[in-house]
Amino acid sequence: MVNDLPPGCAFAARCPRVKPNCRRGHIALSSLGDTQAVRCLYPMTVETADG
């Protein structure tokens, strides 16, 4: 249920990049370029997507 999310990232249980701090507290919305924003501590970018 959207109103009953666990602390931290709502996608932590299924994210391949998850780390312990992803499961704690509030994760702020961060700018990812001029037109995108992400609520992630370890967002995937063009550089990290290639491996």
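Per chain, residues are indexed from 1 in the order of the written sequence. Where totals are concerned, whole chains, interfaces and linings use all residues; where local detail is concerned, this predicted model gives features only for residues with pLDDT of at least 70, and gives and counts side-chain atom pairs only at 80 or more. Hydrogen atoms and water are omitted, and side-chain values are computed over all heavy atoms in the structure.

### Some remarks on the overall build of the protein
Consideration 1: Labels follow the DSSP assignment, with helices taken as runs of H or I lasting at least four residues and strands as runs of E lasting at least two, numbered in each case from the N terminus. Scanning the protein from N- to C-terminus turns up 1 helix and 2 strands.
Consideration 2: When the helices and strands of the protein are listed from N to C terminus, the series reads β-β-α.
Consideration 3: Considering the protein as a whole, with its 51 residues, one finds that 10% of them fall into the buried category.
Consideration 4: Residue contacts follow a heavy-atom distance rule, with two residues in contact if any of their heavy atoms lie within 4.5 Å. Intrachain contacts of the protein at a sequence separation of at least 6 include 10% that bridge at least 24 residues. Three exposure classes are used, based on accessible area relative to the maximum for each residue type with a 1.4 Å probe and protein chains only: buried under 20%, partly exposed in between, and exposed over 50%.

### So, the packing of aromatic side chains
Consideration 1: For Phe, Tyr and Trp, rings pair up if their centres lie within 6.5 Å, where Trp contributes its six-membered ring, and each pair is then called stacked (planes under 30 degrees apart), edge-to-face (over 60) or tilted (otherwise). Throughout the structure, instances matching the rule amount to 0 aromatic pairs.
Consideration 2: We call a charge positioned over a ring when the NZ of a Lys or the CZ of an Arg lies within 6 Å of the ring centre and within 35 degrees of the ring normal. Here the guanidinium or amino end of Lys 19 rests over the ring plane of Tyr 42, the centre of that ring lying 5.0 Å away.

### Focus on the environment of Asn 21
Consideration 1: With respect to the helices and strands, the residue Asn 21 is situated in the segment before strand E1 (30–31).
Consideration 2: Classification of Asn 21 by relative accessible area gives partly exposed; the value is 28%.
Consideration 3: Along the primary structure Asn 21 and Cys 9 are separated by 12 residues, whereas in three dimensions their C-alpha atoms are 9.2 Å apart.
Consideration 4: Apart from the residues within four sequence positions on either side, Asn 21 is in contact with Leu 41 and Tyr 42.

### Things to note about the state of the cysteines
Consideration 1: The rule for a disulfide is simple: a pair of cysteine sulfur atoms within 2.5 Å. Here the structure, examined in full by the defined rule, presents 0 disulfides.
Consideration 2: Its sulfur unpaired, Cys 22 is 6.4 Å from the next cysteine sulfur, which belongs to Cys 40.
Consideration 3: Since its relative accessible area comes to 8%, Cys 22 is described here as buried.
Consideration 4: The thiol sulfur of Cys 40 is not disulfide-bonded, and the nearest other cysteine sulfur, from Cys 15, lies at 6.0 Å.
Consideration 5: With relative accessibility at 25%, the residue Cys 40 sits in the partly exposed group.

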